[in-house]
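Examining the three-dimensional arrangement
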Amino acid sequence: NETNVFWDMVNYLIDQGLIKEEQDYLFRHRSEIKIMADRDQTTTKMFEQTKPVLYMRMTRIIPLYREHFKRQSSSSSNAMDKGSLIHYLQHQKYYEGYCKGIKFETGESRMVTDGQTSKEKKIKASFTAYAFDYTMMESYGIELKRGSSDANMDNAVDDDEAIKPDRNEAPF
């Protein structure tokens, strides 16, 4: 199954540190999600109960999947192109939808002072992401959580509190 090959490669990329939780994918407890119905419209998808949702930034993950698939596979097999892979993933039972405005860490941080103490806060930015029912994924044998995943999900800061990049700052 082509999607199983993709998820195996995602696990490999996580283990190699090439894709990172909170930057390229993240888990959140949700009772509802807003998904894109078409280019300009969103719709709210309600769940019967709160469940873990996996959000993935495919714009970063798919190129790494394709690159590493080529390295590890025989010359006769090719990785699926982005359109085909997305099509297959969208037709999985655990697929929830395509979402805008999901806050991911950028990999940068900034010192923030609140009175007497300073601490480092991770900068977040909004990205589009594909959402998946992670409980259902686990029932299919797809496991992407690592040791800190549950803590990250439980300690997630509301999106309003996330530090956004300073638009006047140079990106490097």
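Some thoughts on the environment of Ile-123
If you trace the backbone, Ile-123 turns up in strand E4 (residues 117-133). Judged by its relative accessible area of 3%, Ile-123 falls in the buried class. With 15 residues separating them along the chain, Ile-123 and Glu-108 place their C-alpha atoms 5.6 Å apart.

Quick look at the pattern of salt bridges
Here the structure, examined in full by the defined rule, presents seven salt bridges. The shortest N-O distance in the salt bridge between Asp-15 and Arg-146 comes to 2.8 Å. With Asp-15 in helix H1 (residues 2-15) and Arg-146 in the loop between helix H4 (134-139) and helix H5 (149-154), this pair connects stretches of sequence that are 131 residues apart. In this structure, the salt-bridge partner of Lys-45 is Glu-96, at a minimum N-O distance of 2.8 Å. Here the residue Lys-45 occupies a position in strand E2 (residues 42-56), and Glu-96 occupies one in strand E3 (residues 95-114), the gap between them amounting to 51 residues. Here Lys-45 falls in the partly exposed class, since its relative accessible area comes to 30%. Residue Glu-96 is classed as buried on the basis of its relative accessible area, which comes to 7%. Each of Lys-45, Lys-51, Glu-96 and Asp-133 takes part in one network of salt bridges that share partners.

Considering H1
Under the 1.5 Å per step criterion, the end-to-end length of H1 is 20 Å for 14 residues, consistent within 8% with the ideal 20 Å. Within the sequence span of H1, burial applies to Thr-3, Phe-6, Trp-7, Met-9, Val-10, Asn-11, Leu-13 and Ile-14. Residues of H1 that are buried make contact with strand E1 (25-36), E2, helix H2 (58-72), helix H3 (82-90), E4 and H4. After H1 finishes, the residue Gly-17 shows a positive phi value of roughly 75 degrees.

Basis of the calculations
- Residues numbered from 1 in each chain as written.
- Predicted model: local features only at pLDDT ≥ 70, side-chain atom pairs only at ≥ 80, totals over all residues.
- Heavy atoms only, no water.
- Helix = DSSP H or I, 4+ residues; strand = E, 2+ residues; numbered from the N terminus.
- Buried < 20%, exposed > 50% of the residue type's maximum accessible area, 1.4 Å probe, protein only.
- Salt bridge = Lys/Arg side-chain N within 4 Å of Asp/Glu carboxyl O.
- Expected span 1.5 Å × (residues − 1).
- Contact = heavy atoms within 4.5 Å.

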